[in-house]
Amino acid sequence: MSPFYKFGYFGDEASFIIAFITGIGFGFFLEKGGFGSGNKLAAQFYFKDLTVFKVMFTAIITAMLGIFFLGAFGLMDISMVYTTDTFMIPQIVGGLLLGLGFVVGGYCPGTSIVSCSIGRIDPIFYVIGIFVGIFIYGEVYPFISGFANSTPMGRITIPEYFNISYGIIVFLVVLMAIGGFIGSEWVEKKYGYKKGDGK
Amino acid sequence: MENEIKKDSKSPKPYWNPYLAGLGLGLVLLASFVIMGRGLGASGAMSSAVAAGVSVVAPGHAMSNEFYKEYLGDGTKNPLKDWLVFEVIGVFVGGFLSGTFSHRIKRSVEKGPQYTDKKRFVFAFVGGILMGFGAKLGRGCTSGQALTGGSMLNLGSWAFMLCVFAGAYAFAYFVRRQWL
Amino acid sequence: MAINLPKTINSKLAALAVVLGVIALFVGNPMKNNAKVNLYEISQKIEESKSKVSPETLAEWIIAQKADFALVDLRDEKQFNEYHITQAENIQLQKLIKSNLPKTQKIILYSDNDGFVSAQAWFLLISKNYNNVYVLDGGLDKWKKNVLFPSLSATANSEEKAKFEKMKEVCKFFGGMALGVDSTNSGASVAGMPKLTAPAGGGAAPKSGKPKKEGC
């Protein structure tokens, strides 16, 4: 029965080794997908190169289907997988800020690490910026904690919120993603870098 | 140019088919769910580092702040001895390995052709600040919320993810000269 | 490596995803909420009284900074904010099943003196295959009486006196005070105890002192 860690099959020390190996896999596929390049990441937001969307949603539906069927076969207790609680308004504001930071800075935290690892210089400034941003958040937290913890909805999923079966949502997400992929191929053909553009 | 295939073995190999890279990423995420019962992350590790830094410089100040305390715990454990910290070190190593195999390790700056390095560094720094602040308010970043929460069909994560794309697309026009 | 993969790979992956999606549509709900309960095991546990932890033991664990247990306060938020035991996490009964308590740790439940709520919670968790669930014996009332404000009856023997001396130190740790020799010999009533305030450091934070962050 999984998740293995939550059932006590191994301890904290072993979990750190697993963390390291998981991270290697994470960084490896990010780089292979081209997420080490700020240019490629930012191109998503100019309809030039929709790799960000494609990689992200392939990963999401892969993991989503995997969890769903492991749960359905009784191999996994999905309720034991950690997810963060929902705080609707702060998360919406945080998401907008993060999107802004993404297009201004060119990375998200994970991809900036990858970009640093292949020798890029700009993500170093970006990572320093993240540290400063978190520090500022920490310093003003006592004053904004009311807002930061507003609209708490607890641990809630889309199927639970809309009271629709988990399977239907999984099906809809898959359809949406596939539709999105077909759409992005079309967009790239129309607006994307043509061969010889040097990208 | 990065995507072109050259006979020279030292020239960068092309990126993978994005759907295969995504499949690989999704399987890593799934493995993490199965083995650890948790997803991936990045900004959480950086928060631990910031909290650890503050507690070294001003321990009293750090322990009186609810935000730092969440990462410092009761002060008995090293905040850097954390799952996400080890994972992020792995991300660096994994990126480096992939970059090495694909001959993509190169000291360079990612930006559009019209931008100076200096201006790019300022934007990267400012973008980082926004990202750091937003990630804490949104309780995660693209890895922790969009990927992990997204595949768990977490309500807040989906709202967050849509807003990330909305925010980025809405503002892309104003910084277009940096990239195009 | 996957250079210039034929488009068919993408189509195959897409087709696979759609097929799995359609199956998911018919499977419906993969969450296994109907737990199996082994009544024999449970009755065994009750019989061996392996389900209780005394306030003194819990105090020792907290002082020794043992990190192998999670302390759950089952009372409502208002009561929790007024006072809770250091490290405790506030989870009400109706939220317990959806909470994310780790199966790797001991879980210690407490409420007021009402063992009923704790017992209900204990049974819910046991049914969900949690193995190490304990109830704080006597609830918060006994905790206050024995740990926070220990008293000594006038007729105490030497063994009880030694224990009292030890508890004097323990109660200081939790911000309580020893009430000294109790001349009425009836033990202080809970109502007569000094007003409690939330422990220092607990503050407004509804979370325990241990890091609970797992997400990004």
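Residues numbered from 1 in each chain as written. Chains lettered and ligands numbered in written order. Predicted model: local features only at pLDDT ≥ 70, side-chain atom pairs only at ≥ 80, totals over all residues. Heavy atoms only, no water.

Attention now goes to the packing of aromatic side chains. This structure, assessed with the given rule, holds 29 aromatic pairs over all chains. Lying across the ring of Tyr 173 of chain B, Arg 176 of chain B places its NZ or CZ 4.0 Å from the centre. Across the ring face of Trp 61 of chain C, the terminal group of Lys 106 of chain C is positioned such that the distance to the ring centre comes to 4.4 Å. (Phe/Tyr/Trp six-rings, centres within 6.5 Å; stacked < 30°, edge-to-face > 60°. Lys NZ or Arg CZ within 6 Å of the ring centre and 35° of its normal.)

On to the domain arrangement of chain B, then. Residues and elements named next belong to chain B. Domain boundaries in chain B define domain 1 (1-106) and domain 2 (114-180). Using only C-alpha atoms to locate each centre, domain 1 and domain 2 end up separated by 16 Å. Summed over both sides, the interface of domain 1 with domain 2 buries roughly 710 Å², with 69% coming from carbon and sulfur. Sorting the residues of domain 1 by area buried against domain 2 places Phe 33, Leu 40 and Ser 43 first, and these three jointly supply 49% of that buried surface. Counting the contacts that link domain 1 with domain 2 gives 0 salt bridges. (Domains from an automatic or database assignment. Buried area = accessible area lost by both parts, 1.4 Å probe. Salt bridge = Lys/Arg side-chain N within 4 Å of Asp/Glu carboxyl O.)

For the rest of this paragraph, the subject is the packing of helix 1 (residues 12-32) of chain A against helix 1 (residues 18-36) of chain B. Between two packed helices, what matters for the description is the angle formed by their axes and the separation of those axes. Interaxial distance between helix 1 of chain A and helix 1 of chain B falls to 8 Å at its minimum, and their mutual angle equals 165°. Looking at the two axes, helix 1 of chain A sits roughly antiparallel to helix 1 of chain B. The hand of the helix 1 of chain A/helix 1 of chain B crossing is left-handed. Between helix 1 of chain A and helix 1 of chain B, the contacting residues are Ser 15, Ile 18, Thr 22, Gly 25, Phe 26, Phe 29 and Leu 30 of chain A on the first element and Ala 21, Gly 24, Leu 25, Val 28, Ser 32, Ile 35 and Met 36 of chain B on the second. In terms of residue class, the contact of helix 1 of chain A with helix 1 of chain B is made up of 9 nonpolar, 5 polar and no charged. (Axes fitted to C-alpha atoms, helices over the stretch in contact; angles between N-to-C directions. Helix = DSSP H or I, 4+ residues; strand = E, 2+ residues; numbered from the N terminus. Parallel < 35°, antiparallel > 145°, perpendicular 65-115°, else oblique. Left-handed = near helix turned anticlockwise from the far one by under 90°. Contact = heavy atoms within 4.5 Å. Nonpolar A, V, L, I, M, F, W, Y, C, P; charged D, E, K, R; others polar.)

In this section: the pairing of strand 4 (residues 106-110) of chain C. Residue and element names in this part refer to chain C. Burial runs high along strand 4: 5 of the 5 residues are buried. Going residue by residue along strand 4, you find Lys 106, Ile 108 and Tyr 110 tucked away on one face and Ile 107 and Leu 109 tucked away on the opposite face as well. Of the strand pairs in this sheet, strand 4 and strand 5 (residues 133-136) are connected by 3 bridges, and their pairing is parallel. Bridging across to strand 5, Leu 109 finds its partner in Val 135. (Buried < 20%, exposed > 50% of the residue type's maximum accessible area, 1.4 Å probe, protein only. Pairing = 2+ DSSP bridges.)

Okay, a nonpolar patch on the surface next. Residues Tyr 161, Phe 162, Ile 164, Ile 168 and Leu 172 of chain A make up a contiguous nonpolar surface patch of about 450 Å² in total accessible area. Of all the secondary-structure elements, those providing two or more residues to the nonpolar patch are helix 7 (158-162) and helix 8 (166-191) of chain A. (Patch = residues over 30% accessible without salt bridge, like charges linked within 9 Å, V, L, I, M, F, W, Y side chains within 5 Å. Areas by Shrake-Rupley, 256 points an atom, 1.4 Å probe, with all protein chains shown as cover.)

Moving on: the pairing of strand 5 of chain C. Residue and element names in this part refer to chain C. Because side chains alternate across strand 5, one face comprises the buried residues Val 133 and Val 135, and the other comprises Tyr 134 and Leu 136, equally buried. Alignment of strand 1 (residues 52-53) against strand 5, held across 2 bridges, turns out to be parallel. Note that in strand 5 the partner of Lys 52 across the bridge is Val 135.

In this section: the domain arrangement of chain A. Accessible area lost during the coming together of the parts is what is often quoted as the interface size. Taken domain by domain, chain A consists of domain 1 (44-80 + 167-191) and domain 2 (84-156). Inter-centroid distance (C-alpha atoms) of domain 1 of chain A to domain 2 of chain A is 23 Å.

Before going further, it helps to examine helix 7 (residues 142-151) of chain B. Across the 10 residues of helix 7 of chain B, 10 count as buried, placing the element largely inside the fold. For helix 7 of chain B, every residue scored as buried is listed here: Thr 142, Ser 143, Gly 144, Gln 145, Ala 146, Leu 147, Thr 148, Gly 149, Gly 150 and Ser 151 of chain B. Each element contacted by the buried residues of helix 7 of chain B is listed here: helix 1, helix 3 (51-72), helix 4 (88-105) and helix 5 (109-117) of chain A together with helix 1 and helix 8 (155-172) of chain B. Looking one or two residues beyond helix 7 of chain B, the residue adopting positive phi is Leu 153 of chain B, at roughly 60°.

Quick look at the sheet that holds strand 3 (residues 89-90) of chain C now. Read across the open sheet, the 5 strands follow the order 1-5-4-2-3 (chain C); overall the sheet is parallel. Strands with a single pairing partner mark the edges of an open sheet, and in this sheet they are strand 1 and strand 3 of chain C.

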